Amino acid sequence: MEITKRIEQLKKNNNAVILAHNYQLPEVQDVADFVGDSLGLSMIAAKTDADVIVFCGVHFMAETAKILSPDKIVLLPDRKAGCPMADMIDAEGLSALKVQHPQAVTLCYVNTSAEVKAHCDYCCTSGNALNMVKHILKSHDEIIFVPDKYLAQYVSVQIGRPLITWEGFCPTHARILPEDIMRARKLHPQAKVLVHPECTPELTRLADMVASTEKMCGYVHESSAMEFIIATEIGIIYRMQKENPSKHFYPASPKAVCPNMKRINLEKILWSLTDMDYQITVPEETMNQARGAIERMLKII
Ligand code: 13P
Ligand code: SF4
């Protein structure tokens, strides 16, 4: 039997749902029930009545799904699919920073471990970071924002005041350089430039729009423009092209590939559903504390 049919069959037998991040391989996006950004997928995970969630993304995303749906089995088809940015901060480092700024509210990017989330007041994603910061500043003066220094810098420019941050960054987005945008603009002068806020400030400054992956997909769909230069992980272009067949998409840099996102393929999804492996587990206390930070975010947005 064809592999996608076997996956479909196992999905039915196990009452499973397949969620895939916008950066996943085309064949993985095609087999998924939902394709989206980290925020959208965690909201689906929180609501689904499936018993099993196969999360095609990286570890922190599957862990977030588990935190929001503790009674479900959450599977990550490749246990090594991690996020180097999320690994740049741990609970110990965050606690030391909190000691230096005892009055500050702690806001963590969703690209963090459950343990780090458990030590934070709020969580945010690239899609709502700006709104979350604005909301917190209504009642507090200081915010610790971890771990992405570039997302923090982007938000801080928008609000016109500094955030206390961490030296974290995404190695994939940092590979996209201003000269890549300049070169692409010369080749495609009519194209709109879309930049993910994990990119460096030199890049966000050149953007027509700075947005999370889901907002980028919405923008290209709504826009009357026909050409777009995309400054984020190149996997997203498959979805954009599929949803907008008459429009043209150009990656800002072919080097913007997240190797962790590419670890998952159809075979691994099949094995994962066959063996119910690799199952995400989080200690109960950590899970309950981390859920607080995520739920406070979901109430605000
Ligand atoms: P989104 O929240 O925009 O999907 O981004 C997640 C991510 O890991 C980007 O590198
Ligand atoms: Fe992490 Fe960057 Fe990969 Fe997103 S693209 S999962 S932030 S390494």
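Counting starts from 1 at the beginning of each chain's written sequence and moves along it residue by residue. As they are written, the chains are lettered A onward and the ligands numbered 1 onward, keeping that order. Residues qualify for local features only when their pLDDT is at least 70, as the model is predicted, and side-chain atom pairs are given and counted only at 80 or more; totals for whole chains, interfaces and linings, by contrast, use all residues. Hydrogens and waters are ignored; side-chain quantities use all the structure's heavy atoms.

Chemist: Talk me through the packing of helix 4 (residues 59-68) against helix 15 (residues 284-300); I want residue IDs and the actual numbers.
Modeler: Angles shown run from 0 to 180 degrees and are taken between the N-to-C directions of axes, each axis being a line fitted to C-alpha atoms and, for helices, limited to the stretch in contact. A run of H or I in DSSP counts as a helix once it spans at least four residues, and a run of E counts as a strand once it spans at least two, with each numbered from the N terminus. Two elements in contact, helix 4 and helix 15, have axes whose closest approach is 9 Å; the angle formed by their N-to-C orientations is 95 degrees. On the basis of their axis angle, the class for helix 4 and helix 15 is roughly perpendicular. In this structure, helix 4 uses Thr64, Lys66, Ile67 and Leu68 to contact helix 15, whose residues at the interface are Met287, Ala290, Arg291, Ile294, Glu295 and Leu298. Under the scheme applied here, ten amino acids are nonpolar (Ala, Val, Leu, Ile, Met, Phe, Trp, Tyr, Cys and Pro), four are charged (Asp, Glu, Lys and Arg), and all others, including Gly, are polar. Here the contact of helix 4 with helix 15 is composed, by residue class, of six nonpolar, one polar and three charged. Our angle categories are set so that under 35 degrees counts as roughly parallel, over 145 as roughly antiparallel, 65 to 115 as roughly perpendicular, and the remainder as oblique. Whether two residues touch is decided by their heavy atoms; if any such pair falls within 4.5 Å, the residues are in contact.

Chemist: So what's going on with the nonpolar core? Which residues, and what values?
Modeler: Note that soluble globular proteins tend to have their nonpolar side chains buried in a common cluster. Here, nonpolar core means buried Ala, Val, Leu, Ile, Met, Phe, Trp, Tyr and Cys residues that are tied together by side-chain atoms lying within 4.5 Å of each other. Note on exposure labels: buried denotes an accessible area under 20% of the residue type's maximum, exposed denotes more than 50%, and partly exposed covers the range between, all computed with a 1.4 Å probe on protein chains only. Residues Leu107, Ile230 and Ile269 are the most contacted members of the largest nonpolar core, which totals 92 residues. Residue contributions to this core peak at six residues, all from helix 4. Sequence-distant contacts of Ile230, that is, excluding residues within four places in its chain, are made with Leu194, Met216, Ile236, Ile237, Met240, Phe249, Tyr250, Pro251 and Ala252. Val193, Val195, Leu203 and Ala252 belong to the second largest nonpolar core, which has 13 residues in total.

Chemist: Please set out empty space enclosed by the protein residue by residue, giving values where relevant.
Modeler: Any residue with an atom within 4 Å of a point lines the site, the site being either a cavity, points on a 1 Å grid over the protein atoms alone where a 1.4 Å probe fits but cannot get out, or a pocket, an open set with protein on both sides within 12 Å along at least 5 of 7 lines. Grid points are joined across faces, edges and corners, and a volume is the space filled by probe spheres set on the points. According to the stated counting rule, one finds one cavity of 30 Å³ or more in the structure shown. Within this model, the largest cavity holds a volume of roughly 30 Å³. Taken together, Ser38, Leu41, Ser42, Phe55, Phe60, Met61, Thr64 and Val110 make up the full set of residues lining the largest cavity. Of all the secondary-structure elements, those providing two or more residues to the lining of the largest cavity are helix 3 (38-47) and helix 4. Residue composition of the lining of the largest cavity, grouped by class: five nonpolar, three polar and no charged.

Chemist: Describe the site of ligand 1, with residues and values.
Modeler: Throughout this document, a residue counts as near a molecule or strand when at least one of its heavy atoms sits within 4 Å of that molecule or strand. Looking at ligand 1, the residues that line it are His21, Tyr23, Asp37, Ser38, Met61, Asn111, Ser126, His173, His196, Glu198, Ser212 and Thr213. Here a polar contact is taken to be a pair of N or O atoms separated by no more than 3.5 Å, where protein atoms must pair a possible hydrogen donor with a possible acceptor and residues adjacent in sequence count only if both atoms sit in side chains. Contact distances for ligand 1 include 3.3 Å between an oxygen atom and a side-chain N or O atom of Asn111. Side-chain polar atom of Ser126 to an oxygen atom of ligand 1: 2.9 Å apart, as the coordinates give it. What decides whether a molecule sits in a cavity or pocket is whether more than half of its atoms lie within 2 Å of the grid points. Spatially, ligand 1 is embedded in the largest pocket. In terms of residue class, the shell around ligand 1 is built from two nonpolar, eight polar and two charged.

Chemist: Describe the packing of helix 12 (residues 213-222) against helix 13 (residues 236-243), listing the residues and the values that go with them.
Modeler: Across the interface, helix 12 lies against helix 13 with an axial gap of 10 Å and an inter-helix angle of 30 degrees. As far as their axial angle goes, helix 13 and helix 12 are roughly parallel. In terms of crossing hand, the pair formed by helix 12 and helix 13 is right-handed. The residues of helix 13 that touch helix 12, namely those facing Thr213, Glu214, Met216, Cys217, Val220 and His221, are Ile236, Arg239, Met240 and Glu243. A breakdown of the residues in the contact of helix 12 with helix 13 according to their chemical character gives five nonpolar, two polar and three charged. By the definition used in this description, the sense in which the near helix is turned from the far one sets the handedness, with an anticlockwise turn below a right angle giving left-handed and a clockwise turn giving right-handed.

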